[in-house]
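Spelled out, the chains give:
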Amino acid sequence: MKPVPHATSLRRAPVQRRSAERLTRILDACAELLDEVGYDALSTRAVALRAGVPIGSVYRFFGNKRQMADALAQRNLERYTERVTEQLTKVHQGDWRAAMDAVLDEYLAMKRTAPGFSLVDFGNQIPVGVRQAEPNTRVADRLTRLLSGYLDRTPDDELHRVFLVAVESADTLVQLAFRTDPDGDEAIITETRELLRAYLARVLD
């Protein structure tokens, strides 16, 4: 089991392995319940029961369910980064189109399979329906750092701005794809991929 990364919403970061395992169970339970009952009906008590831990263990890490959802979003971002990094090992160095496909494909895979992801993804769905800029900025930060070396580019303000525009555009279109079809409308996803390639070509080619 991989340790849960530190999230700013944690009251206290786990130190011992047993504590880290308990935090993982809490976040897993939170993710499952988000899919089953939604955010409004989510409660710290229900999470504690599902995780098989005392309610005090939940409050040891989180003051409320919003902080718990934020920590889940942070864990999603860490796992997404790991998945993209793994996929990039299979792509030819400098092939930015294949790299962008990996970035989009891993996001789609998590949206379709990761518990709770459809509601919290990287943090920009809580409160439900509210789209905020900060999570997409964090994703753009990650991609700039992750891909700059792979693409032999300087991780400067221009590259960050380009990735931020790409992330914001893809986010909006992917949301549209999943509103159109619960599994993600393939035609819209194809259009999203083409739009990203056309936009990024002017900078990365």
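Everything numeric here is computed off the predicted structure, so don't read it as measured data. (Residues numbered from 1 in each chain as written. Predicted model: local features only at pLDDT ≥ 70, side-chain atom pairs only at ≥ 80, totals over all residues. Heavy atoms only, no water.)

Asks: Now, about the overall build of the protein: what can you tell me, with residues and values included?
Replies: Looking only at helices and strands, the protein features nine helices and zero strands. Residues classed as buried in the protein amount to 48% of the 205 residues present. Looking at the protein alone, contacts between residues at least 24 apart form 65% of all its contacts between residues at least 6 apart. On the protein, roughly 10500 Å² of surface is accessible, and the fraction owed to carbon and sulfur atoms is 50%. (Helix = DSSP H or I, 4+ residues; strand = E, 2+ residues; numbered from the N terminus. Buried < 20%, exposed > 50% of the residue type's maximum accessible area, 1.4 Å probe, protein only. Contact = heavy atoms within 4.5 Å. Areas by Shrake-Rupley, 256 points an atom, 1.4 Å probe, with all protein chains shown as cover.)

Asks: Give a detailed account of the layout of surface pockets, specifying residues and quantitative values.
Replies: Estimated volume of the second largest pocket: approximately 160 Å³. What lines the second largest pocket is Asp28, Ala31, Glu32, Arg75, Asn76, Arg79, Arg83, Met110, Thr113, Ala114 and Pro115. Elements with a contribution of two residues or more to the lining of the second largest pocket: helix H1 (17-37), helix H4 (65-88) and helix H5 (96-113). When residues in the lining of the second largest pocket are grouped by element, the largest group, four residues, is from H4. Tallied by class, residues from the lining of the second largest pocket come to four nonpolar, two polar and five charged. (1 Å grid on protein atoms, 1.4 Å probe; cavity = no way out; pocket = protein on both sides within 12 Å on 5 of 7 lines; lining within 4 Å. Points joined across faces, edges and corners; volume = space filled by probe spheres on them. Nonpolar A, V, L, I, M, F, W, Y, C, P; charged D, E, K, R; others polar.)

Asks: Now, about the confidence of the model for the protein: what can you tell me, with residues and values included?
Replies: Per-residue pLDDT for the protein averages 88, and the proportion of residues at 70 or more is 88%. Counting contacts from residues 1-7, a segment whose pLDDT is below 50, to residues more than four positions away or on other chains yields 12 contacts. (pLDDT = per-residue confidence, 0-100.)

Asks: Give a detailed account of empty space enclosed by the protein, specifying residues and quantitative values.
Replies: Applying the stated criterion to the full structure yields one cavity of 30 Å³ or more. One number sums up the size of the largest cavity: a volume of about 270 Å³. Tyr80, Val103, Val139, Val167 and Ala170 are the residues nearest the centre of the largest cavity, which is lined by 19 residues in total. At the level of secondary structure, the elements contributing two or more residues to the lining of the largest cavity comprise H5, helix H7 (133-150), helix H8 (157-180) and helix H9 (186-204). Element by element, the count of residues in the lining of the largest cavity is highest for H8, at six residues.

Asks: Please set out the side chain of Thr81 residue by residue, giving values where relevant.
Replies: With respect to the element layout, Thr81 can be found in helix H4. Given the relative accessible area of 17%, Thr81 is considered buried. Polar side-chain contacts of Thr81 include one of 2.9 Å to the backbone oxygen of Leu77. (Polar contact = N/O pair within 3.5 Å; in protein donor to acceptor, adjacent residues only side chain to side chain.)

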